[in-house]
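Notes for the structure review
Listed here are the chains, written in short residue letters.
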Amino acid sequence: MSEYQPGVCNIGRDERRKRRTTGVLAAVAAVGATLFVFATGRPATMLLWTFPLWFGAFVGFFQDRLGFCVGFGALARYDLSGSGGEAGTVSDAEAVRRDRRRAVEVLVYAGIAALTTTAVVYGVGLAV
């Protein structure tokens, strides 16, 4: 998309790529931390510390997939310059409200996904 849409799209191709890269790096770190705990025989409770990594990964993935940046939404900004659009600030109060609501939704989705993933990894850690 190359046009700002309140609560729907506030980042373009280049910004989405940044979010995807961050998500991949956080997921790789989470998997690495998980494998470290398994390989070294550390207590399974240490797997609970992977939650922030999974959360970061899912925030990045959801922002990429949805074309919506949580930070930009909270700050009433948009940047579609990497997709042929414009970058700027949002001045319409209703648009800002919709963006901030969407930002919270993305964080909730990421939190649920991270909590679920952490619980599964922890469950596997208890079984191993």
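As the structure is a prediction and not an experimental result, all values here were calculated from the model. (Residues numbered from 1 in each chain as written. Predicted model: local features only at pLDDT ≥ 70, side-chain atom pairs only at ≥ 80, totals over all residues. Heavy atoms only, no water.)

Let's shift gears to helix α1 (residues 13–40). Compared with an ideal rise of 1.5 Å per residue, which puts 28 residues at 40 Å, α1 spans 40 Å between its outermost C-alpha atoms and is within 8% of the ideal. Among the structural elements, α2 (51–66), α3 (70–74), β1 (77–79) and α4 (93–127) are those in contact with the buried residues of α1. Just past α1, the residue Gly-41 takes up positive phi, approximately 70°. (Helix = DSSP H or I, 4+ residues; strand = E, 2+ residues; numbered from the N terminus. Expected span 1.5 Å × (residues − 1). Contact = heavy atoms within 4.5 Å.)

What follows concerns the side chain of Asp-64. Topologically, Asp-64 is positioned in helix α2. Here Asp-64 falls in the buried class, since its relative accessible area comes to 12%. When neighbours within four sequence positions are excluded, Asp-64 is seen to be in contact with Arg-16, Arg-19 and Arg-20. (Buried < 20%, exposed > 50% of the residue type's maximum accessible area, 1.4 Å probe, protein only.)

The next subject is the packing of aromatic side chains. Considering all chains together, one arrives at four aromatic pairs under this definition. Ring centres of Phe-51 and Phe-55 lie 6.1 Å apart, and the angle between their planes is 20°; this geometry places the pair in the stacked category. With Phe-51 and Phe-55 both in helix α2 and four residues apart, the pair spans about one turn of that helix. Through pairs of rings, three or more aromatic residues link up here, namely Phe-58, Phe-61 and Phe-62. The ring of Phe-72 has Arg-19 sitting right over it, with the charged end atom 5.4 Å from the ring centre. (Phe/Tyr/Trp six-rings, centres within 6.5 Å; stacked < 30°, edge-to-face > 60°. Lys NZ or Arg CZ within 6 Å of the ring centre and 35° of its normal.)

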